[in-house]
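The lines below spell out each chain.
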Amino acid sequence: MRIELTSGVHLNVIPTTKFKTTRIAVHFLAPAQAEQYAARTLLTSVLETACAAYPTQAALAAELETLYGANFGIGVGKEGGLHRVTATLDLVADALAQAPLLAAGFAFLRECLGRPLTQGGQFDAAVFEREQANLIDYLNSLDEDRQTQASLGLQALYFEDPAQQVPSFGTVAGLAALTNAELWHTYQTMLAQDQIEIVVLGDVNPAAVTELAGTLGFAPRNPAQAPVQIDQATAAVRRQTVAVSVNQAKLDLGYHIDVDLYGADYYAGLVAIELFGGSALSLLFTNVREKASKAYYASATLDPFRHFVQVQTGIDPADAAVVTGLIAQQLERVQRGDFTIGLLTTIKDGLLNGRLIAYDAPRFLARQALLHALVPTHQDGYAAFAAGVAAVSKQAVQRVASTMQLQAVYLLSNKEEN
Amino acid sequence: MAQTYPEVGETLHDVTLPNGLRVLIVPKPDYHETYALFAVNYGGIDVRYVPAGETEMVEDPAGIAHFLEHKLFEKADHDAFDLFGATGASSNAFTGANTTAYLFSTSRAVAENLTTLLDFVQDPYFTDKTVAKEKGIIGQEIQMYQDTPGWRLYYGLLGNLYPTHPVAQDVTGTLASIAEITPAALHRAYRTFYQPSNMTLTVVGNVDPQKTLDLIAANQAAKTFAPATPITRGVAPDYDVATILPYRSLSLPVARPKAAVAIKGQRPVKDDQAGTRFQVAVRLLLEMLFGDSGALYQDWYDQGLIDDSFDCDYQAGATYNFLTFAGDTEDPQALSDALVAVIAKGADQVLDPARFARLKQAGLGKYYQGMNALDSMANQLSTQSFTAVNAFELAGVMRDVTLDDLHQAAGQLFDLDAVTVCHVFPEVGA
């Protein structure tokens, strides 16, 4: 159930006795603007390190230990055209801990989010400087994971709008340029103007949670609106090769797909991409990895918020051209309908099975509440999903796959081959 | 056979079948999922053993347990992946230093998938052709890990501690070692280790325990197995500090240097109650000394010596045990020096009783949180099944551990003679 606490601030409560935990998530949502990402990300580091009540990292960690080892973190992400900052607190259920942890958890969040450690009307200078330096180091180290590096490289190549080109956590240059005053301004703006969605899941009483959520003290606001869904016009294929020191090359491809978020072809899109490269039974996995032995991994994922399909592979640097051809062949097979009804049924069964199991995870259930709040056409029950997938015909899969247009090819390869 | 654990709110059905297979079942009627794990007490380090029915010790190429895991899915006319997939289930497998496990997760057709799991693992099929092809796929996997600096650091560190013990070798093996694997070697390892009496089947989820047990028992009764034979493992215990290489430096494509320190255990840690308690004590000791609510962490973090990447861990197997510490840092020498200075104090560590009580409570909370996910519960049950303490008894062990246990653990492990250091520096021009 979704309750308006005040204008622009909502509480979503999911009562369930199934889990040993209670989850609280506080989402701050604002129109995605690339120049804000670095500040919003640094804000998460600063807020989760210290606050007035727990002025050192050790004091804050000790409080989490007192809360029976509660898991706390603040992260960022994008929901299409929205940028999201989320504080999450996972607590042992009150009944299991035999202690009022939910109330204590809200008190903790109130301190961390609402009463930061300050100095002269800004964030504590030592905390600001150290977290800024650490975050820069962390972003610089992301390239140590070559799969991540290639995926981010592909998105930077594919998208034209900086809000989508730049990852949700911003850039090193953006971080380095930030001042304490600017960060403070970003914080005040986020607290006062962002759309806020609070999600609480567990063995809880909605009325009690409503009262607790009210104690977070968010003021009424009229949040700026932005479309959740992104659609970029198609253009000529962009190609980029980056040479680094690797044994295994990463070949990533980006496609545009005509599938609207929770629109008429949404389920057909899910099935088509699952068949193309979403599972171990997919054409990419069975033909490129298993039969041709040309990749250690080969998969496709649909980003329904952005009309975007990403193919990721890890290959021998010498095989880039061959694998590009193999990937194209698999997509053509989906488009031509060169797959059996039996495989299609199996792929659909796999999607349904995975979806039903997802309802066993607090994280998934809590996310459904967020999606439901953000996208009016979202259906959060399993029955709707199952009916949607069941109705997908072979022709629909072919039709949707035929809308896919290759837009970007990103190759991360070794120095010798280039 | 059925035991209820009120503290964790679970009931465990624990039965050993006539052929020696141990079956663990935890019903979770609220859940859609059923997760099953078929595990063998055989992993990456088991490269020396006396084959079943023979008398002479043999040596296998590194990576054979992992190779066997990959190959078991493939049959003459089908792949077991597809059988699971045909019902909508997902399946997977993994190999660790000491165990290999095959699993499926499903919300439907549990009986059919259980039968598939039992049957494909118990029906090996290896040919020259399929073995040759697998070398290509695993070769790619090995190369991918080689590109991961953190992985290179970890195995560099273990290589220092254990120049000859196979625990220092990643379970995937090397391109050279997997080249030597043959169908005959796979069959020999299979018949030695994949005996039902050396295996556990764990089923957690939306199942009727008795019906599930009946199905498994009938499946096993219908098959013929060679008589159970004791397994003679030949990998020698390594607790020798004399062989440790004290230092290694690596030049890798990293943005920031890394430092790591490891300590070699000098005494065996058994898989009994005392050994389990010791391991719990060591993990609490690490949290007490190096955890983020401690003075040391705060001090090092404030100095810029460590950041969020700092981590420590303890691993114990039948023939080895070791502690590792690692993190990204501007000054790897300063970080390893700081770690060594703590180790140099041996048992003489300042451990605050109030903080200890809090950390135990937090540890219990994390333990409960881990029991939310069926895969995590099944993995814990399966791992513990090869020891004397089951996963639901761990909470009690955690409660019983005392500060004295921690001091003793520090005294036993913290020895400068048992330490090695590894540094990673950015490649010049990278």
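Please read these numbers as outputs of a predicted model, since none were measured by experiment.

Colleague: It is not clear to me how the overall build of chain B should be interpreted in this structure. Could you clarify?
Modeller: A tally of regular secondary structure across chain B gives 15 helices and 15 strands. Taking 430 residues into account, the globule formula puts the C-alpha radius of gyration at 22 Å, and chain B, at 23 Å, falls close to it. Along the first, second and third principal axes, the C-alpha atoms of chain B reach 65 × 50 × 40 Å. At a minimum sequence separation of 6, the contacts of chain B that also span at least 24 residues come to 80%.

Colleague: How do you make sense of the environment of Asn379(B) when you look at a structure like this?
Modeller: Take Asn379(B): it is sitting in helix H13 (residues 374-384). Taking the C-alpha atoms as reference points, Asn379(B) and Ala36(B), 343 residues apart in sequence, are found 9.3 Å from one another.

Colleague: Honestly, the packing of helix H1 (residues 34-49) of chain A against helix H9 (residues 180-193) of chain A in this entry has me stumped. Any pointers?
Modeller: How two helices sit against one another is set out by the angle between their axes and by the gap between those axes. Residue and element names in this part refer to chain A. For the pair H1 and H9, interaxial distance at closest approach is 9 Å and the crossing angle is 85°. Of the possible angle classes, the one that applies to H1 and H9 is roughly perpendicular. Residue-level contacts link Gln-36, Ala-39, Arg-40, Leu-42 and Leu-43 of H1 to Glu-182, Leu-183, Thr-186, Tyr-187 and Met-190 of H9. Class assignment for the residues of the contact of H1 with H9 results in six nonpolar, two polar and two charged.

Colleague: Can you walk me through the interface of chain A and chain B in this structure?
Modeller: Note: interface size is frequently given as the accessible area lost on complex formation between the parts. Of the residues lining the interface, 49 residues belong to chain A; the matching set on chain B comes to 58 residues. If you list the elements that add at least two residues to the side of chain A that touches chain B, you get helix H2 (57-66), strand S5 (82-92), helix H3 (94-97), helix H5 (125-141) and helix H14 (341-358) of chain A. With eight residues, H14(A) is the single largest residue contributor to the side of chain A that touches chain B.

Colleague: Explain the environment of Gln349(B) here, please?
Modeller: Residue and element names in this part refer to chain B. Within the secondary structure layout, Gln-349 lies in the loop between helix H11 (332-343) and helix H12 (353-370). Its 17 C-beta neighbours within 10 Å are what place Gln-349 among the partly exposed residues. For the pair Gln-349 and Gly-411, spaced 62 residues apart in sequence, the C-alpha separation works out to 9.2 Å. Not counting residues within four places of it along the chain, the set of residues in contact with Gln-349 comprises Leu-289, His-407 and Ala-410.

Colleague: Can you walk me through the sheet that holds strand S1 (residues 2-6) of chain A in this structure?
Modeller: The pairing of strands in a sheet happens through backbone hydrogen bonds and is either parallel or antiparallel. All names here are of chain A. Across the sheet, six strands lie side by side as S1-S2-S8-S3-S5-S4; this open sheet has mixed pairing. If you trace the sheet from one side to the other, it starts and ends with S1 and strand S4 (71-79), each paired once. Here the strands of the sheet are splayed against their neighbours by 20° on average, with no regard to which way each runs. By the bridge criterion, four bridges tie S1 to strand S2 (residues 9-15) in an arrangement that is antiparallel. In the sheet register, Thr-6 faces S2, and the bridge partner there is Val-9. Sheet strands touched by H1: S4 and S5. Its angle to S4, the strand with the most contacts, is close to 170°. Contacting strand S3 (21-31) and S5, helix H4 (residues 101-114) runs over the sheet at an angle of about 140° to S5.

Colleague: When you look at the domain arrangement of chain A in this model, what are you seeing that I'm missing?
Modeller: Residue and element names in this part refer to chain A. Split into domains, chain A comes out as domain 1 (2-214) and domain 2 (238-414). Taken over C-alpha atoms, the centre of domain 1 sits 30 Å from the centre of domain 2. Taken residue by residue, the interface counts 24 residues in domain 1 and 23 residues in domain 2. Of all the secondary-structure elements, those providing two or more residues to the side of domain 1 that touches domain 2 are S2, S3, helix H6 (146-158) and strand S8 (195-202). Among the elements that take part in the side of domain 1 that touches domain 2, H6 stands out by supplying nine residues, more than any other. The residue makeup of the side of domain 1 that touches domain 2, split by class, is nine nonpolar, 10 polar and five charged.

Colleague: Even after reading the chapter, I still don't get the domain arrangement of chain B, so can you show me in this structure?
Modeller: Residues and elements named next belong to chain B. You can read the domains of chain B as domain 1 (2-233) and domain 2 (247-426). Each partner contributes residues to the interface: domain 1 has 35 residues there, and domain 2 has 31 residues. Listing elements by their share of the side of domain 1 that touches domain 2, those giving two or more residues are strand S2 (10-16), strand S3 (22-27), strand S4 (34-40), strand S8 (100-106), helix H5 (149-161) and strand S9 (199-205). Of all the elements, H5 adds the most residues to the side of domain 1 that touches domain 2, at seven residues. Looking at the side of domain 1 that touches domain 2 residue by residue, the classes come out as 19 nonpolar, 10 polar and six charged.

Colleague: Looking at this structure, I do not really get the sheet that holds strand S9 (residues 238-244) of chain A. What am I missing?
Modeller: All names here are of chain A. Across the sheet, which stays open at both edges, the five strands sit in the order S9-S13-S10-S12-S11 with mixed pairing between neighbours. Each edge of the open sheet is held by one strand with a lone partner, namely S9 and strand S11 (297-303). With strand direction ignored, the average angle separating the axes of adjacent strands in the sheet is 15°. One ladder, built from eight bridges, connects strand S10 (residues 249-256) with strand S12 (residues 308-315); its direction is antiparallel. Opposite Leu-253, over in S12, you have Val-311 as the bridge partner. Packed on one face of the sheet, helix H12 (residues 283-291) meets S11 and S12 and runs near 160° to S11.

Thresholds applied
Residues numbered from 1 in each chain as written. Chains lettered and ligands numbered in written order. Predicted model: local features only at pLDDT ≥ 70, side-chain atom pairs only at ≥ 80, totals over all residues. Helix = DSSP H or I, 4+ residues; strand = E, 2+ residues; numbered from the N terminus. Rg over C-alpha atoms; globule rule 2.2 N^0.38 Å. Contact = placed C-beta atoms within 7 Å. Axes fitted to C-alpha atoms, helices over the stretch in contact; angles between N-to-C directions. Parallel < 35°, antiparallel > 145°, perpendicular 65-115°, else oblique. Nonpolar A, V, L, I, M, F, W, Y, C, P; charged D, E, K, R; others polar. Buried ≥ 20, exposed ≤ 12 C-beta atoms within 10 Å, placed from the backbone. Pairing = 2+ DSSP bridges. Domains from an automatic or database assignment.

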